[in-house]
Amino acid sequence: MTASDRQPAAPEWVRRPANLASAVTAELVERVVRGVHAPGTSLPPEPVLCESFSVSRTVVREAVKLLQAKGLVQVRQGAGTVVNPSSMWNMLDELVLAAVIAEDETSAVLDDLVVTRRLLEADMALVAARTAGPDVVGRLGALVDAMDELVGDPVAYRERDIAFHDTIMQVSGNRLARGVVRALESQVINTARYVGRIERALCVESNKGHRRVYERIAARDQDGAAKAMFDHITEAWLARRPESGDPGRLAR
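Nothing here was measured: the structure is a model prediction, and the numbers come from that model.

Caption draft 1: Here's a closer look at the nonpolar core. By size, the foremost hydrophobic cluster in this structure holds 60 residues, and its most contacted members are Leu-72, Phe-164, Ile-168 and Ile-217. The element contributing the most residues to this core is helix H5 (residues 108-131), with 8 residues. Discounting chain neighbours no more than four positions away, the residues touching Ile-168 are Met-124, Ala-125, Ala-128, Leu-140, Val-213, Ile-217 and Met-229. Within the second largest apolar cluster, 5 residues are counted, among which are Ala-122, Leu-126, Val-127 and Phe-230.

Caption draft 2: Layout of the packing of aromatic side chains. The tally for this structure, following the rule as stated, stands at 1 aromatic pair. One residue, Arg-240, lies across the ring of Tyr-194, its end atom 4.7 Å from the ring centre.

Caption draft 3: A look at the pattern of salt bridges. A complete count under the given rule lists 19 salt bridges for this structure. Residue Glu-27 pairs with Arg-31 through a salt bridge whose shortest N-O separation is 2.9 Å. With a gap of 4 residues between them, Glu-27 and Arg-31 both fall in helix H1 (residues 20-34), about one helical turn apart. Each member of the pair Glu-27 and Arg-31 is classed as buried. The shortest N-O distance in the salt bridge between Asp-166 and Arg-182 comes to 3.4 Å.

Caption draft 4: Spatial organisation of unusual backbone geometry. One non-glycine residue, Ser-54, adopts positive backbone phi at about 55°. Counting through the fold element by element, Ser-54 comes out in the loop between helix H2 (46-53) and helix H3 (57-69). Backbone geometry places Ser-107, a non-glycine residue, at a positive phi of 70°.

Caption draft 5: Local environment of the packing of helix H6 (residues 134-149) against helix H7 (residues 154-172). Contact pair H6 / H7: the axes reach a minimum separation of 9 Å and the direction vectors enclose 160°. Our classification of the angle between H6 and H7 gives roughly antiparallel. Two packed elements cross with a definite hand, and for H6 against H7 that hand is left-handed. Contacts between H6 and H7 involve Val-136, Arg-139, Leu-140, Leu-143, Val-144, Ala-146 and Met-147 from the former and Tyr-157, Arg-160, Asp-161, Ala-163, Phe-164, Thr-167, Ile-168 and Val-171 from the latter. A breakdown of the residues in the contact of H6 with H7 according to their chemical character gives 11 nonpolar, 1 polar and 3 charged.

Caption draft 6: Main features of the pairing of strand E2 (residues 80-83). Of the pairings in the sheet, the one linking strand E1 (residues 73-76) to E2 comprises 4 bridges and is antiparallel in character. Directly across from Arg-76, in E2, lies its bridge partner Gly-80. The hairpin formed by E1 and E2 contains 3 residues between the paired strands, and Gly-78 there has a positive phi angle of roughly 85°.

Caption draft 7: Seen up close, the packing of H5 against helix H8 (residues 175-188). Contact pair H5 / H8: the axes reach a minimum separation of 10 Å and the direction vectors enclose 145°. Where H5 crosses over H8, the handedness of that crossing is left-handed. Every residue of H8 that contacts H5 at Leu-110, Leu-113, Thr-116, Arg-117, Leu-120, Glu-121 and Met-124 is listed here: Ala-177, Arg-178, Val-180, Val-181, Leu-184, Glu-185 and Val-188. The class makeup of the residues in the contact of H5 with H8 is 9 nonpolar, 1 polar and 4 charged.

Caption draft 8: Focus on H2. For H2, the complete set of buried residues consists of Leu-49, Cys-50 and Phe-53. Buried residues along H2 cover an arc of 100° about the axis, so they all sit on one side. In the segment just after H2, Ser-54 is the residue with positive phi, at about 55°.

Caption draft 9: Representation of the environment of Asn-174 in the model. The topology assignment puts Asn-174 in the loop between H7 and H8. A C-alpha to C-alpha distance of 9.5 Å links Asn-174 and Leu-120, two positions 54 residues apart in sequence. Apart from the residues lying within four places of it in its own chain, the contact partners of Asn-174 are Met-124 and Met-169.

Caption draft 10: Main features of the environment of Ser-22. With respect to the helices and strands, the residue Ser-22 is situated in helix H1. Look at Ser-22 and you get partly exposed, because its relative accessible area is 35%. Sequence-wise, Ser-22 and Val-60 are 38 residues apart; in three dimensions their C-alpha atoms are separated by 9.9 Å.

Caption draft 11: Focus on the environment of Leu-43. Looking at the secondary structure, you find Leu-43 in the loop between H1 and H2. Linking Leu-43 and Ala-192, residues 149 residues apart in sequence, is a C-alpha distance of 32 Å. Discounting chain neighbours no more than four positions away, the residues touching Leu-43 are His-37, Leu-67, Val-73, Thr-81 and Val-83.

Rules of the game
Residues numbered from 1 in each chain as written. Predicted model: local features only at pLDDT ≥ 70, side-chain atom pairs only at ≥ 80, totals over all residues. Heavy atoms only, no water. Core = buried A, V, L, I, M, F, W, Y, C linked by side-chain atoms within 4.5 Å. Buried < 20%, exposed > 50% of the residue type's maximum accessible area, 1.4 Å probe, protein only. Helix = DSSP H or I, 4+ residues; strand = E, 2+ residues; numbered from the N terminus. Contact = heavy atoms within 4.5 Å. Phe/Tyr/Trp six-rings, centres within 6.5 Å; stacked < 30°, edge-to-face > 60°. Lys NZ or Arg CZ within 6 Å of the ring centre and 35° of its normal. Salt bridge = Lys/Arg side-chain N within 4 Å of Asp/Glu carboxyl O. Axes fitted to C-alpha atoms, helices over the stretch in contact; angles between N-to-C directions. Parallel < 35°, antiparallel > 145°, perpendicular 65-115°, else oblique. Left-handed = near helix turned anticlockwise from the far one by under 90°. Nonpolar A, V, L, I, M, F, W, Y, C, P; charged D, E, K, R; others polar. Pairing = 2+ DSSP bridges. Arc of directions from axis to C-beta.

In structure tokens form, the structure reads like this:
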């Protein structure tokens, strides 16, 4: 029996969800990502899904529309609802990205996230070195100094860490790039495999990277700021990255 032949029982709602379509969608997203419904195969027919989830046709149809919007399926005349290859999935979608990260055992998706983040943030740091005024430079310096004092308090350190990066992204003026980075980070900020070990020594090393970025921005060294940010994000991830999988894609 292949993964696509398995028809797992629908979740037993401990409490019937207020939005049934969203609940059914979330379950089907996980099944598609896990390979229960493999690319190129069709989802179970509408009546089967209705019975499986104990919902109406209206709910199932709404769930299918949501799956289409996420790029997971397409409705084909005569073939039903066909699962798309992963290359067509919307990886910025909250449910899709969360499910893919949960299923990934090699850290490849997290590596891709870091590669994407460092490219965008490096460019935003370059622009920040050109546009940041004295007030922004002062704010960045204060955050770096504060993080030096908070290396033994991971929660407080993390708050300043986020503020440091977001200050640079805001002053760059690139709202789209900032939105992408914030969307990606929001999906993994509390994921143990992304956060990694929380140790004082790691915070100390991480803040050395922050200080290099701050110094290059303060010096209006655009290329230097971009390189400092690129290196900081890469090095911080490699220091906490799980050992699973090949980190080769992080090669610079």
